[in-house]
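Working through the structure, step by step
If you want the building blocks of each chain, they are given just below.
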Amino acid sequence: MADYKIEVETGRVLLAKTMDCISITLLGSEGQGEKRLLDHYGADFIPGYTDVYHIHEKQDLGDIQLICLHKEPFSFFPEDSWFCNQVTVKSPTGKTYHFPCYRWIEGYLTVELPEGTATLASAVANNPLLLKQRENELKERQEAYKWKVYHKDFPRCIDVDSVKELDLNLKYSITKSLHFALTERTSTLEVKLKGFFGSQESWKSLEDLRRVFWIYSTATSEYVSQHWKEDAFFGYQFLNGVDPMMIKKCNKIPDNFPVTDSMVECILGPNKNLTTELQRGKIFIADYKILEGIPGNILNGRQQYIAAPLCLLYLSPQNDMVPLAIQLNQTPGPENPIFLPSDNEWDWLLAKMWVRNSDFSMHQALFHLLLTHFFAEVFCISTLRQLPMAHPLYKLLIPHHRYTLQINTLGRERLIGPGGTFDTSTAIGVAGLIELISRDMQSVTYTSLCIPDNLKSREVESLPNFYYRDDGLKIWSAIESYVSGIVDCYYKGDESIQKDQELQAWVGEIFKECFLERKSSGVPSLLQTRAELTKYLTMVIFTSSAQHAAVNGGQYDFIWLPNSPGALRQPPPKTKGTVTLESVLEKILPDVGTTTSLMVAVRVLSKEPGNMRPLGTYPDELFTEEEPKQCIKSFQERLSQISAEIESRNASLPLKYDYLNPKVIENSVSI
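I will try to describe carefully the structure that is included in this document. Fair warning: this is a prediction, and the values are worked out from it, not measured in the lab.

Moving on, we come to the side chain of Ser221. Residue placement: Ser221 occurs in helix H4 (residues 219-227). A distance of 2.7 Å separates the side chain of Ser221 from the backbone nitrogen of Thr218, its partner in a polar contact. When sequence neighbours within four positions are dropped, the list of residues in contact with Ser221 reads Tyr556, Asp557 and Trp560.

Glancing now at the pattern of salt bridges. Taken as a whole and judged by the stated rule, the model has 31 salt bridges. The salt bridge partner of Glu57 is Arg36, with a shortest N-O separation of 3.2 Å. Of the two residues, Glu57 is situated in strand E5 (residues 50-57) and Arg36 in strand E4 (residues 36-37); the sequence distance between them amounts to 21 residues. Judged by relative accessible area, which is 3%, Glu57 ranks as buried. Owing to a relative accessible area of 24%, Arg36 belongs among the partly exposed residues under this scheme. Of the charged contacts in the structure, one is a salt bridge between Glu647 and Lys663, with a shortest N-O distance of 3.1 Å. Of this pair, Glu647 sits in helix H22 (residues 626-650) while Lys663 sits in the segment after H22, placing them 16 residues apart in sequence. Using a relative accessible area of 35% as the deciding quantity, one classes Glu647 as partly exposed. Taking the relative accessible area as the measure of exposure, Lys663 reaches 51% and is therefore exposed. Beyond isolated ion pairs, a larger network of salt bridges with shared partners links Asp20, Lys71 and Glu79.

Further remarks concern helix H1 (residues 128-144). The end-to-end C-alpha distance of H1, which contains 17 residues, comes to 24 Å, matching closely the 24 Å that a straight helix rising 1.5 Å per residue would cover. Buried residues of H1: Leu130, Gln133, Arg134, Glu137, Leu138 and Arg141, and no others. Looking down the long axis of H1, one finds its buried residues gathered within 125° of arc, a one-sided arrangement. Across H1 from its buried face, at more than 90 degrees, point the exposed residues Pro128, Lys139, Glu140 and Glu143.

Attention now goes to the sheet that holds strand E12 (residues 248-249). Here five strands make up an open sheet; going across it, the order is E12-E13-E16-E17-E18 and the pairing antiparallel. Lying at the two open borders of the sheet, with one neighbouring strand each, are E12 and strand E18 (338-339). The pairing of strand E16 (residues 310-315) with strand E17 (residues 321-327) spans six bridges and is antiparallel. Across the sheet, residue Leu315 finds its bridge partner in E17, namely Met321. Set on the sheet, helix H5 (residues 231-240) makes contact with strand E13 (283-287), E16 and E17; between it and E17 the angle comes to about 95°.

Across the five residues that make up E13, a large majority, four, are buried. Both E12 and E13 contribute to a ladder of two bridges, which runs antiparallel. Within the sheet, the bridge partner assigned to Lys248 lies in E13 and is Ile285. Pairing analysis gives five bridges linking E13 to E16, with the strands arranged antiparallel. Across the sheet, residue Ala286 finds its bridge partner in E16, namely Cys311.

A regular strand places its side chains on the two faces of the sheet in alternate fashion. Here strand E6 (residues 64-72) lies mainly inside the structure; eight of its nine residues are buried. As defined by bridge partners, strand E2 (residues 21-28) adjoins E6 across eight bridges and the pair is classed as antiparallel. Directly across from Leu26, in E6, lies its bridge partner Ile67. Summarising the sheet, E6 and strand E9 (residues 109-114) pair through six bridges and their orientation is antiparallel. Following the sheet pairing, Ile67 is matched in E9 by Leu113.

With that out of the way, let us pick up empty space enclosed by the protein. Empty pockets left among the atoms are what a rolling probe the size of a water molecule brings to light. Applying the stated criterion across every chain, the model contains six cavities of 30 Å³ or more. Reported here for the largest cavity is a volume of approximately 260 Å³. If you trace the largest cavity, you find 22 residues lining it, with His368, Leu369, Leu415, Phe422 and Leu605 closest to the centre. Those elements that place two or more of their residues in the lining of the largest cavity are helix H8 (345-386), helix H10 (404-414), helix H11 (421-425) and helix H21 (592-606). A per-element tally of the lining of the largest cavity places H8 first, with six residues. When grouped by side-chain class, the residues that make up the lining of the largest cavity number 12 nonpolar, nine polar and one charged. Within this model, the second largest cavity holds a volume of roughly 60 Å³.

Within the secondary structure, Leu14 sits in the loop between strand E1 (2-10) and E2. According to the relative accessible area criterion, Leu14 is exposed, its value standing at 52%. For the pair Leu14 and Arg385, spaced 371 residues apart in the sequence, the C-alpha separation amounts to 28 Å. Beyond its immediate stretch of four places on either side in the chain, Leu14 contacts Trp104 and Ile174.

It is worth spelling out the packing of H8 against helix H12 (residues 429-440) at this point. Where H8 contacts H12, the axes come no closer than 10 Å and their chain directions differ by 60°. Comparing their axes, H12 and H8 come out oblique. Remark: the crossing between H8 and H12 carries right-handed chirality. Contact with H8, carried on its side by Ser361, Met362, Ala365, Leu366, Leu369, Leu370, Leu371 and Phe374, involves Leu433, Leu436, Ile437 and Asp440 of H12 and no other residues of that element. Classifying every residue of the contact of H8 with H12 by side-chain character gives 10 nonpolar, one polar and one charged.

Analysis parameters
- Residues numbered from 1 in each chain as written.
- Predicted model: local features only at pLDDT ≥ 70, side-chain atom pairs only at ≥ 80, totals over all residues.
- Heavy atoms only, no water.
- Helix = DSSP H or I, 4+ residues; strand = E, 2+ residues; numbered from the N terminus.
- Polar contact = N/O pair within 3.5 Å; in protein donor to acceptor, adjacent residues only side chain to side chain.
- Contact = heavy atoms within 4.5 Å.
- Salt bridge = Lys/Arg side-chain N within 4 Å of Asp/Glu carboxyl O.
- Buried < 20%, exposed > 50% of the residue type's maximum accessible area, 1.4 Å probe, protein only.
- Expected span 1.5 Å × (residues − 1).
- Arc of directions from axis to C-beta.
- Pairing = 2+ DSSP bridges.
- Axes fitted to C-alpha atoms, helices over the stretch in contact; angles between N-to-C directions.
- 1 Å grid on protein atoms, 1.4 Å probe; cavity = no way out; pocket = protein on both sides within 12 Å on 5 of 7 lines; lining within 4 Å.
- Points joined across faces, edges and corners; volume = space filled by probe spheres on them.
- Nonpolar A, V, L, I, M, F, W, Y, C, P; charged D, E, K, R; others polar.
- Parallel < 35°, antiparallel > 145°, perpendicular 65-115°, else oblique.
- Left-handed = near helix turned anticlockwise from the far one by under 90°.

This is how it looks when you write it as structure tokens:
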């Protein structure tokens, strides 16, 4: 007779308890045990509690390699889902085996859980029991999580049409769902009470724009409302605003942007010209050529317009990034003037608004939606389809995919679907969004997704006061060090990577379904070395956490009218001297209802709706061995140090940059 102690931990989440009958079967190296009912007198499987059971087998089963949890009906009660954290088995010899679960078990079924030690398939190649379990697990996942073509030029997505079709393990917790709904409803209620919601009237004053969200204003949004006219703040946003991805060093003034020395001498100062400042590396540019020809949307029966500007910037002796010149379309000519800081106040302000409008479109469609949300979704689905739970990379990656499929499915339903926010509140609309993403998918590169390479390609490594760069590189380095430690734990040489078919299938599927097998992207379709694997995994985690935080967290802070208009009702001006404050308010800025609808959306998307897990927080103990646990601890210590460094720097800044503070970076794309 062999006695086994079974500990079953139920998750500390709302409705985690189950009334269903739970039984267990132990499978060991020396045989299989009997199916045993786990039942006490009174209630079992209470949220947050660990139930202890003792079962008796006829013989010692050897090393326990696998357990089966059987969930079956109890009396006349309806099916009751259960959230199981983990099961621990203590054998007669005193050895303890851990079986992580950390998921909802829904329906009447049997769930197989492998012992928690992370293993590659090669390690169980001679173990038919565990090999079969891996194969069955992946087969079930591939059947459950299928690909869908949302648009032929887009990365593929999960094959569901609504959030209701997702299984419980992909959905927000009840707590998170309630917070999300509450934020949306209170934001909408405030603008309704003020009479803004749905109004097609024009804005009467700049002060009215500031009144949209009195209750929910932030320190940064207040700063924006006070400083949006300033050139230095306009330039600051290219570095530390919601879109720090457009600016790059200018080594030669483009032929289609005929800026002359006389135009900019008032900014450059005496004894300076464009040639000398180019040579000194002080000139930068933001070029929105990709927007050329994008169709404008129609809002409330009114045509909206898209510009494709070029914006030349200068790093001043005071280390401020200031605009030098703006041309609102790509083809120079008499009807496409170059706007300058020396122009009439509202001519210059409107030119800057057009740049900010173009930047809004680029940010929302590409840097936010495509390059974080859509890519993270493919990373998530491929992880579910190609990496079994026992694989070390599944354990590494799955915390960084939490809720991604829920928020993306919701986004396709309510943001980019017909009648969604993009259709009702932005100049590009859904048609423009589709065209813009399709264009960018032809040029996106592996370099652009890896922040050290991205910054180098843009030649902005030495720019002062570039906090996105400074913090982003620290976060990248911390993730890279953590990933490298995990890789070294399980891959003892490059050959083990080359022979890991599960890993190669994962990489290959991402190349196919995310990058559409475009070799010119430079994205690998297979991996050969530990260095390649480490960089690739770092890119996946950084994209799914820190990069999303950088381009998402500041939306509500910066996307305020007139600083960052989502739409403009008049075409770009063809002459100077005709713009006034009144014409901007009455004819150019979007109407009241369009403005407030967009602002409600960005507030909801900028506010983490509870149940947050900051970067490096892993309450689900998927790794059971000591070595990876030490890697996690070191990672958390480094993140804590980075957070302290950021807060120390921010203490002396008039406008703090906190979007890449590890304390506020979510582990995954979840909002």
